[in-house]
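# Coordinate inspection notes
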Amino acid sequence: MRMPNNIRVYGIVYHVNIVSNPHDPEFPEDENTWGYTDLNRANIFINSELDKNHQKQTLIHELIHIMLWESGKTSLYNDENLVTSLANSIFELIQGNSLFVN
Ligand SMILES: [Zn+2]
């Protein structure tokens with residue numbers, strides 16, 4: 001699994017930004033978060049200080065947030081326990097089975 005520059009979710013192209021000290025303006029108290037998504041501007045931000053596997057895991061985490069939002073499951077959008085459980089499980093399936101690797 002390589003880190004994409006852009007990723008399409010339900011017809012919306014999100015740009016993947018690897019940045020130092022990503023900071024979600026909605027949660028100013030959360031310093032140096034692993035990642036967050038700006039839905040309005042279709043931007044995903046991932047912390048450049050994470051190792052590559054944590055960056056990939058964080059990308060999947062943000063994609064699950066986006067999928068919940070875009071598919072209308074807005075009441076689950078901010079359910080961090082659900083999102084983290086799904087993201088880490090899917091990441092393990094991909095990495096543990098070398099899925100989608102040429
Ligand atoms: Zn989250």
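Structure report, in brief. Just so we're clear, the structure is a prediction, and the values are computed from it rather than from any experiment. (Residues numbered from 1 in each chain as written. Predicted model: local features only at pLDDT ≥ 70, side-chain atom pairs only at ≥ 80, totals over all residues.)

### Some points on unusual backbone geometry
Note the cut-off: Note on conventions: DSSP H or I runs of at least 4 residues are helices, E runs of at least 2 residues are strands, and numbering of each starts at the N terminus. Residues are called buried when their C-beta atom has 20 or more other C-beta atoms within 10 Å, exposed when it has 12 or fewer, and partly exposed otherwise; all C-beta atoms are positioned from the backbone.
Despite not being glycine, A42 has its phi angle at roughly 55 degrees, a positive value. When you line up the elements, A42 lands in the loop between β3 (35-38) and β4 (43-47). Positive phi is not limited to glycine here, since S98 has a value of about 50 degrees. Structurally, the position occupied by S98 is in the segment after α2 (80-96). The exposure class assigned to S98 is exposed, which follows from the 8 C-beta atoms found within 10 Å.

### Digging into the pairing of β3
Side chains on a regular strand alternate between the two faces of the sheet. Put simply, the test is: Pairing between strands is defined by DSSP: at least two bridges between them are needed.
Where β3 meets β4, four bridges bridge the pair, whose relative direction is antiparallel. The residue of β4 that forms the bridge with Y36 is F45.

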